[in-house]
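# Secondary and tertiary structure notes
Take a look at the letters that make up each chain.
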Number of protein chains: 2
Amino acid sequence: MSKSWNLDPIFYPKSVAVIGASDVPGKVGTAIVVNLRDLWSGDKIYPINPRKPKILGIKAYKSVKDVPDEIDLAVIAVPARIVPHVVKECAEKGVKGVIIISAGFSETGEEGAKLEEEIRKIANDSGIPVIGPNCLGVYNSENKLATIFNPPDRQGFPKRGSIAFLSQSGAFGAAVLDWLAENRIGMSKFVSYGNKCNVYEEDFLEYLAEDSATRVITMYIEGVSHGKRFLEVAKRVSMKKPIVVLKSGRSSRGARAASLHTGSLAGSDEVYDGAFKQAGIIRAYSMEQLFNYAKMLSMQPLARGDRVAIVTNGGGAGVMATDAVEVNGLKMAEFTDETKKKFREAIEKGVFSEHMSYANPVDILGDAPPERYEVAMRYVLEDENVDALIVIIIAQSPAIREDIVEKISSMKVFGKPIAVVIPGGSFAKRIARKLEENEIPTYETPEDAVDAMAALIRYSKFRSEGSNRT
Amino acid sequence: MSKSWNLDPIFYPKSVAVIGASDVPGKVGTAIVVNLRDLWSGDKIYPINPRKPKILGIKAYKSVKDVPDEIDLAVIAVPARIVPHVVKECAEKGVKGVIIISAGFSETGEEGAKLEEEIRKIANDSGIPVIGPNCLGVYNSENKLATIFNPPDRQGFPKRGSIAFLSQSGAFGAAVLDWLAENRIGMSKFVSYGNKCNVYEEDFLEYLAEDSATRVITMYIEGVSHGKRFLEVAKRVSMKKPIVVLKSGRSSRGARAASLHTGSLAGSDEVYDGAFKQAGIIRAYSMEQLFNYAKMLSMQPLARGDRVAIVTNGGGAGVMATDAVEVNGLKMAEFTDETKKKFREAIEKGVFSEHMSYANPVDILGDAPPERYEVAMRYVLEDENVDALIVIIIAQSPAIREDIVEKISSMKVFGKPIAVVIPGGSFAKRIARKLEENEIPTYETPEDAVDAMAALIRYSKFRSEGSNRT
């Protein structure tokens, strides 16, 4: 398929049929109905079950064709061998999008692959986008549509945000959703797409590129189905929104494990790496790094260069951040004479202690209150030699107060990217949360903050070079 | 000094004098008395204050010499210029150990350095170990002795555990304490040692080597005072307990920042790196890595080799772990025919699905309950080709129950190191916490778990080669 799918009926359905709906506790078809009923903002749920007139108090139908309403989305959770028949009925009904949760297809061998091929033909002939089979489906934080069948005491769903996440792997996808919820990282849309009946990686990129809720697209992949087309699309989308990819199967044994897991023929990692770079895809090497990058890219403006300033109330953390700047190939900003003069005058006026350092890292010392941060941040952000700012807060100091959040947030007017390092316990975490509510990304270590800033700076360079080309 | 100090009077004092004790809110001398009163298990607190007969309800004395009791530890928080006089009084009183919290010494310039030299002479002449000046002092989780002056709503203290942490930097030390408390990582002893009057890095190593509460020694340094002696001691101590070091000032700009911060002349990083390797010191590159390593080393036995088995209910995470094994220079274990036979027979008996994989990673599939984990873990741990085990739990699966904790803990009988990967929210975190209570280290990502296992395996190799030499 080379046309790009309209996935709105899947993410924003007006009506959802659950084929294989059940009320037996522990069944997938039960969990899906429960999640739709309890989470989704819509109310047109049509359970399909050949033997029961009602499912969990909702009127049920024997077949999707019996439903006296249009169906935007059908979620299928019936045994694999029945799925082709059910998809055919969906096509006859004029269903606009399908998610097949059921497993037992190409991932299990030849027989399953045949079933899958049968479904693909029906879907393509009738022009229906089909996500899956062998997947968890989708989560949309806007309308709380979730087809994920894990029990609610196990499975957290992230709050609204601007990071989209695509995962071939269902289990890893579920873990990521739960981890994002726990870490209060917002998400726009989630897809676990499994065996890829006829909606592929590049189709999701096309759709998310136009999705106003999504600012950054993140992916976990072991391989892609259509390498060339994926890269073409990614290159185009990258000029609009950053794409961050965690690709596993990098090592020889990892590639073998990947081929057993999802049938991905990984190809050499060097080839992927080069192709990703050309397409402007930002590569991450762990789940944490993926979302460290996504947080930065979704919250902060592009950088005009790679010269970093550091403002800190802890000398040690300042040294660590400085190391990280060099390790990541960035530059420590050299302040202008004008800036140095401002600092000297502020010391003379008693704003700063004479023991402070403005050699970058700017060490405003352990007893620095938010006011001192404010002056130091303003001086360095006013400096034309500074492209980005790392602020370090050792929040255990009694001089730190929660209004440091406003001081830092007010620095957005300078239009330069800012990240905050704030390690610690409940007080530190409270400040971090408030900063992120104000779209200032926070990290627990200097290394993570600088690493994420480096990703933003690399992406900024890709974008500006791309604009120059066109 | 080449003799090694007895630091028991500092970590396990029977009596503590606080010189510069205060009851004015916000003062350092107030916070220290409050923390001793509220946290410390001892009760012989002697506030020293020339103007007040009582401090916070406790009888105060004009001078330490007036106290009608022996003093094991004196904590000094008076202005720098008075400190020499006060230390002299401590010597006359026969105080057995001193911590100088006060700043304003060599870190501020020549005049301060002279004061510091004066104190050093008094301390050495009278044979008193003096920690600091310009430091936070100590925390001992056994008796809850804490001389850290940050307010209790800012500063968490970790629970009892077997990881010791040494930090020259006070601010970073405070952040680490708070972060460990938040992450429920146990600690034995903490020292922020500042300007090093006469107790140096190697003295702490000597002391902690004999400390029965400490299994792993962790350090944050920017440089050490006595390179040669430090390495000699570290080499000896490493054969007994692992030493993990986070050293900053690695880059040229970082080294410059370090020399401004603590006066450390960093020396080239390659030199440090080579010396660390020879001494068996394990190097970490961030706070997280430091404690990822420490957790593994404090909880798990040494490994006999570098062949890793992986058991997982999520294919994707299994692939990521496999990549990490190769990236870290470890080997994926090749199971014996015997083990493969066991798996085949278990599949025939229906213990495992025919779709499972035992090619390592052992993928026991998304619906695996704890019983299936138990069989798979036992099979691989019984295999002579397996030296270490990584268990991955995607806890969002409804098949996972909390009794997986017992199943994994029972695998300790095999005497091989085990680490668990368990990403997610509250349910996953609950299992993780229980596992760690049972001394099974847990991690949020495959990358972190394998990285920490690699550190354990490198250290195991150092130990076994060292034993062969001797």
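Note that the coordinates shown come from a computational prediction; the quantities given were computed from them, not determined experimentally.

For the rest of this paragraph, the subject is unusual backbone geometry. Residue Pro133 of chain A is reached from Gly132 of chain A by a cis peptide bond, and omega for that bond is 0°. Relative to the helices and strands, Pro133 of chain A is located in the loop between β7 (130-131) and β8 (137-140). Backbone torsion omega between Asn360 of chain B and Pro361 of chain B reads 5°, so that peptide bond is classified as cis. Following the sequence through the fold, Pro361 of chain B ends up in the loop between β17 (357-358) and β18 (362-363). Even without being glycine, Lys144 of chain B reaches a positive phi, approximately 60°. A relative accessible area of 31% means that Lys144 of chain B is categorised as partly exposed.

Turning to the interface of chain A and chain B, a few remarks are in order. Taken together, the contact between chain A and chain B spans 67 residues of the former and 67 residues of the latter. In total, chain A and chain B occlude about 5200 Å² of area from one another, counting both sides; carbon and sulfur atoms represent 58% of this. Contact with chain B buries area across many residues of chain A, yet Arg154, Arg253 and Gln396 of chain A alone supply 14% of it, more than any other trio. The shortest N-O distance in the salt bridge between Arg250 of chain A and Asp323 of chain B comes to 3.9 Å. For the interface between chain A and chain B, the tally reads 30 residue pairs in polar contact (both at pLDDT 80 or more). Elements represented by at least two residues in the side of chain A that touches chain B include exactly α5 (170-182), α8 (252-262), α10 (287-299), α11 (315-327), α15 (426-437) and α16 (446-469) of chain A. Residues that form the side of chain A that touches chain B fall into these classes: 26 nonpolar, 24 polar and 17 charged.

Let us now look at α11 of chain A. Residues and elements named next belong to chain A. Here α11 contains 13 residues, and its C-alpha end-to-end distance of 19 Å stays within 8% of the 18 Å for a straight helix at 1.5 Å per residue. Within α11, burial applies to Gly315, Gly316, Ala317, Gly318, Val319, Met320, Ala321, Thr322, Asp323, Ala324 and Val325. Just past α11, the residue Gly329 takes up positive phi, approximately 75°.

The full count for this structure, using the stated rule, is 77 salt bridges over all chains. When the shortest N-O distance is used, the salt bridge between Arg229 of chain A and Asp203 of chain A registers 3.7 Å. Here Arg229 of chain A is found in helix α7 (residues 227-238), whereas its partner Asp203 of chain A is found in helix α6 (residues 201-209), with 26 residues between them in sequence. Two residues, Lys331 of chain B and Asp306 of chain B, come together in a salt bridge whose shortest N-O distance is 3.0 Å. You can see Lys331 of chain B sitting in strand β16 (residues 331-332) and its partner Asp306 of chain B sitting in the loop between α10 (287-299) and β15 (307-312), a full 25 residues away along the chain. What you see here is one network of salt bridges that share partners, running through Glu142, Arg160, Lys189 and Asp211 of chain A.

All right, on to the pairing of strand β1 (residues 15-19) of chain A then. All names here are of chain A. Summarising burial for β1: 5 of the 5 residues are buried, a large majority. What you see with β1 is no split at all: Ser15, Ala17 and Ile19 on one side and Val16 and Val18 on the other are buried throughout. For β1 and strand β2 (residues 44-48), the ladder comprises 5 bridges, and the chain directions are parallel. Of the residues in β2, the one forming a bridge with Val16 is Ile45. In terms of handedness, the path from β1 via helix α2 (residues 28-39) over to β2 forms a crossover that is right-handed. As judged from the 4 bridges shared by β1 and strand β5 (residues 73-76), these two strands associate in the parallel manner. Within β5, the position partnered with Val18 by the bridge is Val75.

Residue and element names in this part refer to chain A. Domain boundaries in chain A define domain 1 (8-297) and domain 2 (301-469). Taken together, the contact pairs 19 residues of domain 1 with 21 residues of domain 2. By the criterion of area lost to domain 2, the three top residues of domain 1 are Met239, Lys295 and Met296, representing 40% of everything that side buries. Run the count over domain 1 and domain 2 and you get 2 salt bridges. The salt bridge involving Arg215 is made with Glu439; its shortest N-O contact spans 2.9 Å. Summed over the shared surface of domain 1 and domain 2, the number is 10 residue pairs in polar contact (both at pLDDT 80 or more). Elements that contribute at least two residues to the side of domain 1 that touches domain 2 include exactly α7, α9 (269-278) and α10. The leading source of residues in the side of domain 1 that touches domain 2 is α10, at 6 residues. A per-class count over the side of domain 1 that touches domain 2 returns 7 nonpolar, 5 polar and 7 charged.

Reading the values: the criteria
Residues numbered from 1 in each chain as written. Chains lettered and ligands numbered in written order. Predicted model: local features only at pLDDT ≥ 70, side-chain atom pairs only at ≥ 80, totals over all residues. Heavy atoms only, no water. Helix = DSSP H or I, 4+ residues; strand = E, 2+ residues; numbered from the N terminus. Buried < 20%, exposed > 50% of the residue type's maximum accessible area, 1.4 Å probe, protein only. Contact = heavy atoms within 4.5 Å. Buried area = accessible area lost by both parts, 1.4 Å probe. Salt bridge = Lys/Arg side-chain N within 4 Å of Asp/Glu carboxyl O. Polar contact = N/O pair within 3.5 Å; in protein donor to acceptor, adjacent residues only side chain to side chain. Nonpolar A, V, L, I, M, F, W, Y, C, P; charged D, E, K, R; others polar. Expected span 1.5 Å × (residues − 1). Pairing = 2+ DSSP bridges. Right-handed = clockwise from strand over helix to strand, strands pointing away. Domains from an automatic or database assignment.

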